Amino acid sequence: MNLRPVRIVGVGLTSFDKHDDRSVESLAREAVIAAMRDGGLERTDIQAAYTAHLYQGEVFGQRVLRELAFPEIMVINVENACAGGSTAVRDAWLAIGTGQCDVALAIGAEKMGRGLISFVSADVELALGSTAPAQYALAGNRHMHEFGTSPEAFARIAVKSRAHAARNPNARFRDTVSLEEVMQSRPIAEPLTLLQCCRNGSGAAAVVLASDDWVRRRGAAGVRILSSGLASIMADKEPRDLTSFGATRAAARIAYDGAGLGPEDVDVIELHDAFTVGEFLHYEGLGLCAKGEATRLVMDEETTLGGRTPVNLSGGLLAKSHPLGATGVAQFVELTWQLRGAATGRQVEGARIALAHSQGGTGLEAGATCVTLLARD
Amino acid sequence: MSAPAIDLVDQIWPGLMGADAAGAYLVGGRCASCGAVSLGLRDVCARCWSSGGMEAVPIGRTGRLYSATLVHQVPEGFDAPFLAGYVDLPEGLRAFAHIGLGAARPAIGGDVVLQVAPIRKGKDGRMLSGPLYVAAGATSSGPQPEGDAP
Ligand SMILES: [Zn+2]
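Residues numbered from 1 in each chain as written. Chains lettered and ligands numbered in written order. Predicted model: local features only at pLDDT ≥ 70, side-chain atom pairs only at ≥ 80, totals over all residues. Heavy atoms only, no water.

**Q** I keep staring at the overall build of chain B and nothing clicks. Help me out?
**A** Within chain B one finds 0 helices and 9 strands. Secondary structure elements of chain B occur, N-terminal to C-terminal, as β-β-β-β-β-β-β-β-β. Long-range pairs, those at least 24 residues apart, make up 48% of the contacts in chain B between residues at least 6 apart in sequence. Entry remark: accessible area of chain B is about 7100 Å², with carbon and sulfur atoms responsible for 53%. (Helix = DSSP H or I, 4+ residues; strand = E, 2+ residues; numbered from the N terminus. Contact = heavy atoms within 4.5 Å. Areas by Shrake-Rupley, 256 points an atom, 1.4 Å probe, with all protein chains shown as cover.)

**Q** In this structure, what is going on with the packing of helix 6 (residues 151-165) of chain A against helix 10 (residues 276-285) of chain A? I would like to understand it.
**A** Two packed helices can be described by the angle between their axes and the distance between those axes. Residues and elements named next belong to chain A. Relative to each other, helix 6 and helix 10 sit at 100°, their axes nearing to 8 Å. The orientation of helix 6 with respect to helix 10, classified from their angle, is roughly perpendicular. Across from Ala153, Phe154, Ile157, Ala158, Lys160 and Ser161 in helix 6, the residues of helix 10 making contact are Thr276, Val277, Glu279, Phe280 and Tyr283. By residue class, the composition of the contact of helix 6 with helix 10 is 7 nonpolar, 2 polar and 2 charged. (Axes fitted to C-alpha atoms, helices over the stretch in contact; angles between N-to-C directions. Parallel < 35°, antiparallel > 145°, perpendicular 65-115°, else oblique. Nonpolar A, V, L, I, M, F, W, Y, C, P; charged D, E, K, R; others polar.)

**Q** What's the story with the coordination of the zinc ion in this structure? I'm lost.
**A** Angles between donor atoms at a metal ideally measure 109.5 degrees for a four-coordinate tetrahedral arrangement and either 90 or 180 degrees for a six-coordinate octahedral one. Residue and element names in this part refer to chain B. The coordination sphere of the zinc ion contains the protein donors Cys31 (SG), Cys34 (SG), Cys45 (SG) and Cys48 (SG), at a distance range of 2.3 to 2.4 Å. Around the zinc ion sit 4 donor atoms, and with donor-metal-donor angles ranging over 101 to 113° the site reads as tetrahedral. Accessibility expressed as a relative area gives 26% for Cys34, which makes it partly exposed. (Donors = N, O, S within 2.8 Å, 3.2 Å for Na, K, Ca; no water. Tetrahedral: all angles 85-135°; square planar, octahedral: opposite > 155°, others 65-115°. Buried < 20%, exposed > 50% of the residue type's maximum accessible area, 1.4 Å probe, protein only.)

**Q** Mind showing me how you'd approach the interface of chain A and chain B here?
**A** Opposite the 31 residues of chain A that make contact, chain B presents 28 residues. Carbon and sulfur atoms supply 63% of the area buried between chain A and chain B, which totals about 2500 Å² over both sides. Where chain A packs against chain B, one counts 0 salt bridges. The interface formed by chain A and chain B contains 16 residue pairs in polar contact (both at pLDDT 80 or more). (Buried area = accessible area lost by both parts, 1.4 Å probe. Salt bridge = Lys/Arg side-chain N within 4 Å of Asp/Glu carboxyl O. Polar contact = N/O pair within 3.5 Å; in protein donor to acceptor, adjacent residues only side chain to side chain.)

**Q** Help me understand the pattern of salt bridges, please; the structure alone is not making it clear to me.
**A** If charged atoms from side chains of opposite charge come close, those side chains can pair. Residues and elements named next belong to chain A. Applying the stated criterion across every chain, the model contains 26 salt bridges over all chains. Salt-bridge contacts for Arg216 lead to Asp212; the nearest nitrogen and oxygen are separated by 3.1 Å. Taken as a pair, Arg216 and Asp212 lie in helix 8 (residues 212-218) at a separation of 4 residues, close to a single helical turn. Asp212 sits in the buried class, given a relative accessible area of 11%. Arg296 serves as the salt-bridge partner of Glu293, at 3.9 Å between the closest nitrogen and oxygen.

**Q** What's the story with the pairing of strand 3 (residues 74-78) of chain A in this structure? I'm lost.
**A** Working note: regular strand, side chains alternate between the two faces of the sheet. Residues and elements named next belong to chain A. Two elements, strand 2 (residues 48-52) and strand 3, share 5 bridges in a ladder whose sense is parallel. The residue bridging Ala49 from the neighbouring strand is Val75, located in strand 3. Regarding the hand of the β-α-β motif, the stretch spanning strand 2, helix 2 (residues 60-65) and strand 3 is right-handed. (Pairing = 2+ DSSP bridges. Right-handed = clockwise from strand over helix to strand, strands pointing away.)

**Q** What should I look at first to understand helix 9 (residues 246-259) of chain A in this one?
**A** Three or four residues apart is the spacing at which side chains of an α-helix point the same way, because the helix has 3.6 residues per turn. Residue and element names in this part refer to chain A. Between the first and last C-alpha of helix 9 there are 20 Å, a value that for 14 residues agrees with the 20 Å anticipated at 1.5 Å per step. Where helix 9 is concerned, the buried positions are Ala247, Thr248, Ala251, Ala252, Ala255 and Tyr256. Axial view of helix 9: buried residues confined to an arc of 155°, hence all on one face. At its buried positions, helix 9 is contacted by strand 8 (223-231), helix 10, strand 10 (353-360) and strand 11 (368-375). Once helix 9 finishes, Gly260 follows within two positions and takes phi at roughly 65°, a positive value. (Expected span 1.5 Å × (residues − 1). Arc of directions from axis to C-beta.)

**Q** I'm lost on the sheet that holds strand 11 of chain A in this one. Help?
**A** Sheets are built from strands paired through backbone hydrogen bonds, the pairs being either parallel or antiparallel. Residue and element names in this part refer to chain A. Taking strand neighbours across the sheet as the criterion, the 9 strands line up as 3-2-4-7-1-8-11-10-9 in an open arrangement whose pairing is mixed. The open sheet has two edge strands with one neighbour each: strand 3 and strand 9 (268-270). Strand after strand, the sheet turns through a mean of 25° between neighbouring axes, direction not considered. Taken strand by strand, helix 1 (residues 24-39) contacts strand 1 (6-13), strand 4 (103-110) and strand 7 (203-211), and its axis lies near 130° from that of strand 1.

**Q** Which parts of the structure should I look at to understand the domain arrangement of chain A?
**A** Buried accessible area, meaning the area lost when the parts come together, often serves as the stated size of an interface. Residue and element names in this part refer to chain A. For chain A, the domain assignment lists domain 1 (6-114 + 201-225) and domain 2 (125-198 + 227-375). In this structure, domain 1 and domain 2 have C-alpha centres spaced 23 Å apart. Tallying the contact residues gives 40 residues for domain 1 and 34 residues for domain 2. Across the interface of domain 1 and domain 2, roughly 2800 Å² is buried in total on both sides, 69% from carbon and sulfur atoms. Across the domain 1-domain 2 interface, the total number found is 2 salt bridges. Arg340 is the salt-bridge partner of Asp38, the closest N and O atoms lying 2.8 Å from each other. One can count 5 residue pairs in polar contact (both at pLDDT 80 or more) joining domain 1 with domain 2. (Domains from an automatic or database assignment.)

Below, the structure written as structure tokens:
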């Protein structure tokens, strides 16, 4: 695909929290204003807006933007489960890359209730009591069966997330936790315990993307989007290897091939850690190690700050909570800061190549997975 | 042959299961055009896209446990904890189901046999039945004893 170069020129984020007293539109506007100011943009610069959410109702993006007096722009509402935010960024990248517009907003926002996420779709597995943590737990138990993986390997990921979050003022849960605390927290779906499951949260994130031409004309700056892959597994009821995240592998292959890079070139990653087991399996899916070998990455702390490929320096979903539509966009905010060298307290020194990964759906892979590569000059 | 002793009126999901003299089975759909078998009756065959109808066929009387998890935080209507898992069926399909506990608990990779069991409460408080796979040989596996509804 021959695309114009595209850069992220502005990023913004709200806190992720319960936000019982705020409307989702208000949260989204706060993120939009922050991203616009961060990039020094005027509202007349914006030609399109891609807005991701799951449960916020019709023409959500228009409801957000009309209160900010944007001109007559193209607004597209994006739904791709928990990968919606990444899909919105990807769509904005493609719109600019293919020349439909020069500058676009990608916005993600969600106002969440409490407890297990209740999906709208009727599904026999949901009727039988399947839950999101149960799905990941099933994959984790199969990995334990096939590779002798210990529950501790999963639990250590939660310890790492909190250690990173302690360094990130934007994270929600910033207390460090010990391995024992993680493993002894309330069981949710074995081997997953409470501290290995992301919490619901409300919040918003926004990024502004612009063509490289526009950025140069303006004398602006930005980190470059190199490539992006989006994949779904369609035949998800067929017997297949649940420990091998096929959609992650497929999306990663597209992204790596598109950029002419491999996992060994990546300096920093934000990935979809709704559950520790998910992060663990995504290490293998993204090619950070061979299949069955993620335990080594965890034990050698290769994905911890200071390690070879630090993952989720923001604290990830585990320490930030998970406002579904906002989650994917927020990853781009963190990675932009990392590539700018502005991630104070948790900066990966000299980071040049970054990878964003998000996954959503009602089954493990019945939704969508998006992998995007970013670079600084 | 007497009527099956399994109460299949109050199923969690309409048309999920059936029973005959040989015991409980999951309802599969065999495509009239290409013969492919799916979990449940579908209006379109996923393989050949025919909408020419499906014949209900019994599947999943037995299987092999692919993975299982003890679920502690359960949705409304379920008693905690329950064991749930994926069972690979001899027909080449994989089904999500509840799995036996205690002496009926199979190991991952172990052979399992289908039973019908009360799984959850419906909105009106009635118990609804669904598939429960137990370790083969652990209980009165195979055909359900007549007159001994679970
Ligand atoms: Zn067919």
